[in-house]
Amino acid sequence: MKTSSYGEPDYAFGQRMLTLRTQIGLTQAGLGERLGVSRRAVVKWEGGLSYPSVGHLQALIALGVELHVFAAGGEAEEIRALWRVSHQKVLLDEQWLQGLLATGRPRPPQPRRGSSPARPSTTVESRPPGQLVAPLVGRAAAFSQLVDRYQQAQQGQPQAALLVGEAGIGKTRLAREFVAWARTRGAEVLSGHAFELGGRLPYQPLVEAIGPRLEEENAPEDLLSDLWLAELSRLLPELRVRSPDLPAPTQDELTAKIRLFEAVARLLEALTQRAPLVLLFDDLHWMDGASLDLLRYLGHDWSRQSSRVLLLLTVRSEGLGPQSQLAVELSDLGRDLSVSQVSLQPLSQTETIQLLEAVVGAREPGEASPSRAVAAQPGESETKLSGLGDILFAQTGGHRNTVQIRRKERNETRRRMRWHTRSHQHHEKGNRLMIPTIRQIQEESKVCQQIDLGLLQEVLPSAKIEDLLETYQMWEDRERKLNMVVLTYWLIALHVYPRVSMRAVYAKLVSGQRAWRDDVPQQTPVKSAFSYRREHLGSELLEELFVQCAGPKATEQTPGAFWHGLRRLSIDGTVESVPDTPSNREAFRYSTDDAESQSPFPQARLVVLVECGTHLICDAERSRVPTRGSQQSAPALAAMEVGAEPAAVG
Amino acid sequence: MLGRLKKNVLLTPFVSLADGSYLTHIYQDQDHRTGASMLVRVISYTFTDARIPGAGEQVSRLVTTLLDPFLFPAKELAVLFPERWHVELVIGEPRTVLRLSARTLRSLTPQGVIQELSALLLAHTLLRTLMLQAATQQGIAPTALSLTETIRILDESVLPLGMVSAARRHTMVLALLDEIGQQRLPKQRVRIQARVVKRTHSRYGRKKPEHGLAPPLELDLDFHQILALVT
């Protein structure tokens, strides 16, 4: 379960979830049952306080499609919009969506564009089983830039987009994903890949791009007249085989080249008449000079005709130095087309780990029972991970980020592997599994045992926190460094050590265990991790914990606590200043509304009931109105014991 | 219930009692004597020691629901009332001891504020519970123990407690509780102080709404890049 961004609830999203659920026709609890989440989680979704995770959202969408809640004909758009609005970290999987919509019910036949030649239908490739497919993580911004370019091209402004990045960073991957997306939008896609040898083979990427397309064309003569087809047959001799009575291409050496270029230009133009064209050329740095000339020619032609073309090029940043030939060529191209650069940065650590975890989850190791995943033998899990790393490396084409994992983050991921609990089973079964409680995990692996508050843990045992977590159903699938129990102790410890920074408090708490256990990670979580997890924890758990721990505890024997058989309590109101942010200002007012004399910060108001003999806080209530103590005490007094004797401000 | 009455509340004695207090009715709307009413006992007292300002002249009135003058003598109640300041002490404990110089809480959202407040009160409660246990062991009043010393002992014990086995830990905990019990505060004396504070004086102007609540302008530049000489 993810939480919405810091601040106000996302009411628009909550409304969307609510209408979806009512259209499906389930109660909150019922929907929770179907999806395998708690009712509380659904409440949070509809309140705009959190967003569903990827799996849950997919299940919800599948349910919606099954019950035909989305508008007919426009489901894909709606679903895409829903995905966007729910701020998922992973892009919507188009193939999954298409598969879902295809199996849902027969789609109404789309009106065909163009004339008699049957366009090849877009086939959804089925994924070969057992193959690792890593989700596209962390490239949302680049992807949306490409989408913008495509839309501009659709309007009739030919565009060129240049994907720049280091070797292995994922340019080709992103380009392929984008091209797949464009295909589903009905674009015509031609792709060619320049490789290292290609420098000696002129026009090789072009042949790769055009050849198959012409092959699957029923009637090439509809696209181009025989004259131009003849010119093309220099590059594609199979055209002669199909139409034996093609005239011979011109033998004139001077004009041969330009005729070829013109033929290609006309072919592409004919294609753009039918659908917007996306032309992908991979690894531009290896492209031969002749192809580059052709690209320049095409660019000029497109700008003249305002064709609906998007030229997508990937190039290594090494090949694009300031003085290089390629840069010069591209700047020339830029005179005709509007060339935009999209540079790809390496994935951040969180994104890399996300990638790895998503892959591990998808991999579904059959042998991973909880006890095994929580490996007692460190050697075994190590080899498992390195084997996994090798597979990843191969599958993602030498993904640079995977290499980073293997080199730098090995300790981190090894530890994560060890505490990988039953999440894959959870997804597999689909219905509500028994939520893995912390007691089901092996003793040695409990992360919360790594933290020690010393004496305070005598007074607040972790069992108490765990019980509350079960009541509020705030367990998570995965064990984390900052799990809920650890976080609760840390929040309390923050106040016991007021002068110490947040991370240092955490380090203090872990220091005891670190001395004799070697599976305690060396790295303290970063500050943002604490904020994120704090937000996730919410306030109800701690409030409830306080209510359970607080109360008068003195006995008659305690000196000074009782007087003539009555317990001595005292009540008063107090204020605490809070930081001056808009949401705080909204919730907690200043002392007066008069701007001249009000308090510098908004103030949270409390009424506190205290036991005089022990200085224990028995009860604390929040009050909203800035009034004197007497008016606030009424609700608090209602909670008092009979026979207690408090002294109050009258 | 025992409370102090404001000076401007007028009451008419209904029944005078043997110990110097009297019974009367108080109403929800005291000025018009209408609404729900309650029978209460009023005790008036003043200070006698000449060193205390207002001794002999300033009369404070207490109102209480404990009506029996023999079970709950008036003088004893009046002696008890100043102990109300325990609540102020307790309110002050989280502030001064557990937060020191921070001007505000740290959370930027209301939910975070509530979470933080709960954690603060929890921290205080847990510490005080610990002190209660230590005091019960020694047989003394928990208010005689020092909170700051308890925190210090807690801090010093986090590392050792984390390192030992469960059996040894139990003995160590008992020993630590004993040590907490040794940290006694000096006996509290009668303290009388006017409710005033020193006002901090600053040369700078006060922030007004027109100054805006936006964060300061921060440019990711060097001064080289934005300075230009004027000739």
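All values derive from a computational prediction rather than experimental measurement.

As for the overall build of chain A
No. 1: In terms of helices and strands, chain A carries 29 helices and 12 strands.
No. 2: Scored against the burial criterion, the 650 residues of chain A give a buried share of 50%.
No. 3: Accessible area of chain A: about 30100 Å², with a carbon and sulfur share of 51%.

Remarks on the pairing of strand E10 (residues 603–611) of chain A
Residues and elements named next belong to chain A.
No. 1: Burial runs high along E10: 9 of the 9 residues are buried.
No. 2: The side-chain alternation of E10 yields two buried faces, one formed by Gln603, Arg605, Val607, Leu609 and Glu611 and the other by Ala604, Leu606, Val608 and Val610.
No. 3: Where strand E9 (residues 566–577) meets E10, 9 bridges bridge the pair, whose relative direction is antiparallel. The residue of E10 that forms the bridge with Thr574 is Leu606.
No. 4: Sheet topology note: the E10/strand E11 (residues 616–623) ladder contains 7 bridges and is antiparallel. Along E11, the bridge assignment pairs Val610 with Ile617.
No. 5: Connecting E10 to the next strand, E11, in antiparallel fashion are 4 residues, including His615 with a positive phi near 60°.

Points about the side chain of Gln115 of chain B
No. 1: Assignment of secondary structure puts Gln115 of chain B in helix H3 (residues 110–138).
No. 2: In this structure, Gln115 of chain B is in contact with Leu491, Arg534, Leu537, Gly538, Ser539 and Leu542 of chain A, ignoring residues within four places of it in sequence.

Focus on the environment of Arg335 of chain A
All names here are of chain A.
No. 1: Position of Arg335 relative to the elements: it lies in helix H15 (residues 325–336).
No. 2: Overall, the relative accessible area of 66% leaves Arg335 in the exposed class.
No. 3: Here the alpha-carbon distance between Arg335 and His300, two residues 35 residues apart in the chain, equals 8.5 Å.
No. 4: In terms of polar contacts, Arg335 uses its side chain to reach the side chain of Asp332, at 2.8 Å.

Brief notes about H15 of chain A
No. 1: Three or more residues of H15 of chain A are buried, namely Leu326, Ala327, Glu329, Leu330, Asp332 and Leu333 of chain A.
No. 2: Buried positions along H15 of chain A lie against strand E3 (159–165), helix H14 (289–305), strand E6 (309–316) and strand E7 (338–343) of chain A.

Section: the confidence of the model for chain A
No. 1: With 70% of its residues at a pLDDT of at least 70, chain A reaches an overall mean of 72.
No. 2: In the model, residues 105–133 of chain A has pLDDT below 50 throughout and makes 30 contacts with residues more than four positions away in sequence or in other chains.

Thoughts on the packing of aromatic side chains
No. 1: A complete count under the given rule lists 11 aromatic pairs over all chains for this structure.
No. 2: Seen in terms of ring centroids, Phe13 of chain A and Tyr51 of chain A are 4.9 Å apart; in terms of plane orientation they differ by 70°. Their pairing is edge-to-face. Highlighted residues: Phe13 of chain A in helix H1 (residues 11–24) and Tyr51 of chain A in strand E2 (residues 50–51), separated in sequence by 38 residues. Each of the two residues, Phe13 of chain A as well as Tyr51 of chain A, counts as buried.
No. 3: Taken together, a centroid distance of 6.2 Å and an interplanar angle of 85° make the contact between Tyr45 of chain B and Phe47 of chain B edge-to-face.
No. 4: We classify Tyr45 of chain B as buried; its relative accessible area is 15%.
No. 5: Through a chain of ring-to-ring contacts, three or more aromatic side chains come together here, namely Phe143, Tyr150, Phe178 and Trp181 of chain A.

Quick notes on the nonpolar core
No. 1: Formed by 72 residues in total, the largest nonpolar core has its most connected members in Trp490 of chain A together with Ile180 of chain B.
No. 2: It is H3 of chain B that provides the largest number of residues to this core, a total of 13 residues.
No. 3: Of all hydrophobic cores here, the second largest spans 48 residues; its members include Trp228, Ala290, Leu292 and Leu298 of chain A.

Some points on the environment of Leu456 of chain A
No. 1: With respect to the secondary-structure elements, Leu456 of chain A resides in helix H22 (residues 456–459).
No. 2: For the pair Leu456 of chain A and Tyr489 of chain A, spaced 33 residues apart in the sequence, the C-alpha separation amounts to 9.2 Å.
No. 3: Setting aside residues up to four positions removed in sequence, Leu456 of chain A forms contacts with Ile492 and Val496 of chain A together with Leu126, Leu127 and Leu154 of chain B.

Remarks on unusual backbone geometry
All names here are of chain A.
No. 1: Of note in this structure, Asp283 is not a glycine but carries a positive phi near 60°.
No. 2: Tracing the backbone through its elements, the reader meets Asp283 in the loop between strand E5 (277–282) and H14.
No. 3: One non-glycine residue with positive phi stands out, namely His615, at about 60°.
No. 4: Here His615 lies in the loop between E10 and E11.

Considerations on the pairing of strand E4 (residues 34–45) of chain B
All names here are of chain B.
No. 1: Two elements, strand E3 (residues 22–29) and E4, share 7 bridges in a ladder whose sense is antiparallel. Residue pairing for E4: Thr24 is matched across the bridge by Val40.
No. 2: Where E4 lies against strand E5 (residues 60–64), 5 bridges are found, and the strand directions are antiparallel. By the bridge assignment, Ser44 is partnered in E5 with Arg61.

Side note on a positive patch on the surface
No. 1: Side chains of Arg103, Arg199, Arg206 and Lys208 of chain B sit close together on the surface and give a patch of like positive charge.
No. 2: With respect to the helices and strands, the residue Lys208 of chain B is situated in the loop between helix H5 (166–182) and helix H6 (223–226).

A short note on the pattern of salt bridges
All names here are of chain A.
No. 1: Scanning the model with the defined rule gives 26 salt bridges over all chains in all.
No. 2: For Glu231, the salt bridge identified is with Arg234, shortest N-O distance 3.5 Å.
No. 3: Among the residues examined, Arg234 registers a relative accessible area of 35% and is labelled partly exposed.

Digging into helix H27 (residues 540–549) of chain A
Side chains three or four residues apart in an α-helix point the same way, a direct result of the helix having 3.6 residues per turn.
No. 1: Every buried residue belonging to H27 of chain A is among Leu541, Leu542, Leu545, Phe546 and Cys549 of chain A, and all of these are buried. Here the buried residues of H27 of chain A occupy an arc of 135° about the axis, which is enough to place them on one side.
No. 2: As for H27 of chain A, its buried residues are in contact with helix H23 (462–472), helix H24 (484–496), helix H26 (527–537) and E11 of chain A together with H3 of chain B.
No. 3: Trailing H27 of chain A by a residue or two, Gly551 of chain A shows a phi angle of about 145°, which is positive.

Focus: the packing of helix H2 (residues 28–35) of chain A against helix H4 (residues 54–66) of chain A
Residues and elements named next belong to chain A.
No. 1: Look at H2 against H4: their axes get within 10 Å of each other, and the N-to-C directions meet at 110°. In terms of orientation, H2 and H4 fall into the roughly perpendicular class. Here H2 contributes Leu31, Arg34 and Leu35 to the contact with H4, which in turn contributes His56, Ala59, Leu60 and Leu63.
No. 2: Considered class by class, the residues forming the contact of H2 with H4 number 5 nonpolar, 1 polar and 1 charged.

Focus: the state of the cysteines
Put plainly, two cysteines are in a disulfide when a covalent bond ties their sulfur atoms together.
No. 1: Within this structure, the stated rule accounts for 0 disulfides over all chains.
No. 2: In this structure Cys618 of chain A is not part of a disulfide, and its nearest cysteine sulfur, from Cys612 of chain A, lies 8.9 Å away.

Side note on a nonpolar patch on the surface
No. 1: A cluster of nonpolar side chains, namely Leu217, Leu219, Leu221, Phe223, Ile226 and Leu227 of chain B, defines an oily patch on the protein surface of about 700 Å² accessible area.
No. 2: Note on placement: Leu227 of chain B falls in the segment after H6.

What counts, and at which threshold
- Residues numbered from 1 in each chain as written.
- Chains lettered and ligands numbered in written order.
- Predicted model: local features only at pLDDT ≥ 70, side-chain atom pairs only at ≥ 80, totals over all residues.
- Heavy atoms only, no water.
- Helix = DSSP H or I, 4+ residues; strand = E, 2+ residues; numbered from the N terminus.
- Buried < 20%, exposed > 50% of the residue type's maximum accessible area, 1.4 Å probe, protein only.
- Areas by Shrake-Rupley, 256 points an atom, 1.4 Å probe, with all protein chains shown as cover.
- Pairing = 2+ DSSP bridges.
- Contact = heavy atoms within 4.5 Å.
- Polar contact = N/O pair within 3.5 Å; in protein donor to acceptor, adjacent residues only side chain to side chain.
- pLDDT = per-residue confidence, 0-100.
- Phe/Tyr/Trp six-rings, centres within 6.5 Å; stacked < 30°, edge-to-face > 60°.
- Core = buried A, V, L, I, M, F, W, Y, C linked by side-chain atoms within 4.5 Å.
- Patch = residues over 30% accessible without salt bridge, like charges linked within 9 Å, V, L, I, M, F, W, Y side chains within 5 Å.
- Salt bridge = Lys/Arg side-chain N within 4 Å of Asp/Glu carboxyl O.
- Lys, Arg positive; Asp, Glu negative; His and termini not counted.
- Charge placed at Lys NZ, Arg CZ, Asp CG, Glu CD.
- Arc of directions from axis to C-beta.
- Axes fitted to C-alpha atoms, helices over the stretch in contact; angles between N-to-C directions.
- Parallel < 35°, antiparallel > 145°, perpendicular 65-115°, else oblique.
- Nonpolar A, V, L, I, M, F, W, Y, C, P; charged D, E, K, R; others polar.
- Disulfide = S-S within 2.5 Å.

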